[in-house]
Amino acid sequence: NAGVTQTPKFRILKIGQSMTLQCAQDMNHNYMYWYRQDPGMGLKLIYYSVGAGITDKGEVPNGYNVSRSTTEDFPLRLELAAPSQTSVYFCASSSPNYGYTFGSGTRLTVV
Amino acid sequence: AQKITQTQPGMFVQEKEAVTLDCTYDTSDPSYGLFWYKQPSSGEMIFLIYQGSYDQQNATEGRYSLNFQKARKSANLVISASQLGDSAMYFCAMREVNSGGSNYKLTFGKGTLLTVNP
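In this report, we go over the structure that sits alongside the text. Since we're looking at a predicted model, the values are computed, not measured. (Residues numbered from 1 in each chain as written. Chains lettered and ligands numbered in written order. Predicted model: local features only at pLDDT ≥ 70, side-chain atom pairs only at ≥ 80, totals over all residues. Heavy atoms only, no water.)

1. With respect to the sheet that holds strand β1 (residues 4-7) of chain A
All names here are of chain A. Put simply, the test is: A pair of strands is labelled paired if DSSP reports no fewer than 2 bridges between them. Helix and strand labels come from DSSP, where a helix needs a run of H or I of at least four residues and a strand needs a run of E of at least two; each type is numbered from the N terminus. Between N-to-C directions, angles span 0 to 180 degrees; the directions come from axes that are lines fitted to C-alpha atoms, helices contributing only their stretch in contact.
Spatially, the 4 strands line up as an open sheet ordered β1-β3-β8-β7, and their pairing is antiparallel. Both outer strands of the open sheet, β1 and β7 (64-66), are each paired with one neighbouring strand and no more. Each neighbouring strand pair of the sheet contributes to a mean axis angle of 20°, computed without reference to strand direction. Where strand β3 (residues 19-25) lies against strand β8 (residues 76-78), 3 bridges are found, and the strand directions are antiparallel. Counted as the bridge partner of leucine 21 is leucine 76 from β8.

Here is the structure:
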């Protein structure tokens, strides 16, 4: 099915470990986003990209890094995981004249 | 200041009745879009309805309608004939386009948890 694919769906990390959350879309959307959702809260923007090779910080970028080498892929890197990064992470993509498509989310726990 | 405000942390409605979920927004951009998403307990984000700032008529999608009052900067979601499956978290979100026309970030409110009672 066309859309946004996130992997993994669940992950438990130990404090100080690193990991990459994968995000891929097959709709040829230029715009891609990473959001985090803390319990009982709305989504907050971590990083976004307006095209391959172009990324920018969102509202809560500290502790994360991104890259966009292709239109399809937008991985999110966590370096030195901290308990404050326990959250559900959503990747999304959009094009100017269409709505947003969200992935199914990655539930991350840092212990 | 918050860009999207949802003042109702929780709402209850009887099955088959209508319910209104409130959303106010703050922007100085003349061009913007307003979205409503549903998040059931399974966690996925489901798009419900969209209203553009220049749209003359209120958006409707099946049982969902958006009561758009531009002067008041409000974009309330109305769900008619509530069903048990409507029980979920509902998020209002706004897309602003920056002066260069290249920024399409969504800003979300904190959400309203709707419970539909049988």
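More follows now that the structure is in view.
2. Some thoughts on the interface of chain B and chain A
The criterion, for reference: It only takes one pair of heavy atoms within 4.5 Å for two residues to be counted as in contact. Buried area: the sum, over both parts, of the accessible surface (1.4 Å probe) that disappears when the two are put together. For salt bridges, the criterion is a side-chain nitrogen of Lys or Arg within 4 Å of an Asp or Glu carboxyl oxygen. Here a polar contact is taken to be a pair of N or O atoms separated by no more than 3.5 Å, where protein atoms must pair a possible hydrogen donor with a possible acceptor and residues adjacent in sequence count only if both atoms sit in side chains. Following the grouping adopted for this structure description, the nonpolar residues are Ala, Val, Leu, Ile, Met, Phe, Trp, Tyr, Cys and Pro, the charged ones are Asp, Glu, Lys and Arg, and the polar ones are all others, Gly among them.
Tallying the contact residues gives 17 residues for chain B and 17 residues for chain A. Buried area between chain B and chain A, both sides added, is near 1500 Å², and the carbon and sulfur share of it is 61%. Scanning the region where chain B abuts chain A turns up 0 salt bridges. Here chain B is connected to chain A by 2 residue pairs in polar contact (both at pLDDT 80 or more). Put simply, the parts of the chain that give the side of chain B that touches chain A at least two residues each are β5 (32-39), β10 (88-96) and β11 (106-108) of chain B. Looking at the side of chain B that touches chain A, its residues break down into 8 nonpolar, 6 polar and 3 charged.

3. Topic: the state of the cysteines
Basically, it comes down to this: Here, two cysteine sulfur atoms that lie within 2.5 Å of each other are counted as a disulfide. Buried means the residue's accessible area, taken with a 1.4 Å probe over protein chains only, is under 20% of the maximum for its type, while exposed means over 50%, and partly exposed covers the values in between.
All told, the structure shown has 2 disulfides over all chains when counted by the stated rule. Cysteine 23 of chain A shares a disulfide with cysteine 91 of chain A; S-S distance 1.8 Å. Taking the sign of the S-S torsion, about -70° here, the bridge from cysteine 23 of chain A to cysteine 91 of chain A comes out left-handed. In this pair, cysteine 23 of chain A sits in strand β3 while cysteine 91 of chain A sits in strand β9 (residues 87-94), placing the two residues 68 residues apart along the sequence. Here cysteine 91 of chain A falls in the buried class, since its relative accessible area comes to 0%. The side chain of cysteine 23 of chain B participates in a disulfide bridge whose partner is cysteine 92 of chain B; the two sulfur atoms lie 2.0 Å from each other. Its S-S torsion of approximately -65° makes the covalent link between cysteine 23 of chain B and cysteine 92 of chain B left-handed. Of this pair, cysteine 23 of chain B sits in the loop between β3 (19-21) and β4 (24-25) while cysteine 92 of chain B sits in strand β10, placing them 69 residues apart in sequence. A relative accessible area of 0% places cysteine 23 of chain B in the buried class. Taking relative accessible area as the criterion, cysteine 92 of chain B reaches 0% and is therefore assigned buried.

4. Here we look at the environment of threonine 20 of chain B
Residues and elements named next belong to chain B. Mapped onto the fold, threonine 20 is located in strand β3. Residue class for threonine 20 comes out partly exposed when judged on its relative accessible area of 33%. In this structure the C-alpha to C-alpha distance between threonine 20 and asparagine 67, which are 47 residues apart in sequence, comes to 9.0 Å.

5. Some details on the environment of glutamine 8 of chain B
With respect to the element layout, glutamine 8 of chain B can be found in the loop between β1 (4-5) and β2 (10-14). Residue contacts for glutamine 8 of chain B: discarding those within four places in its chain leaves Thr20, Leu21, Asp22, Gly111 and Thr112 of chain B.

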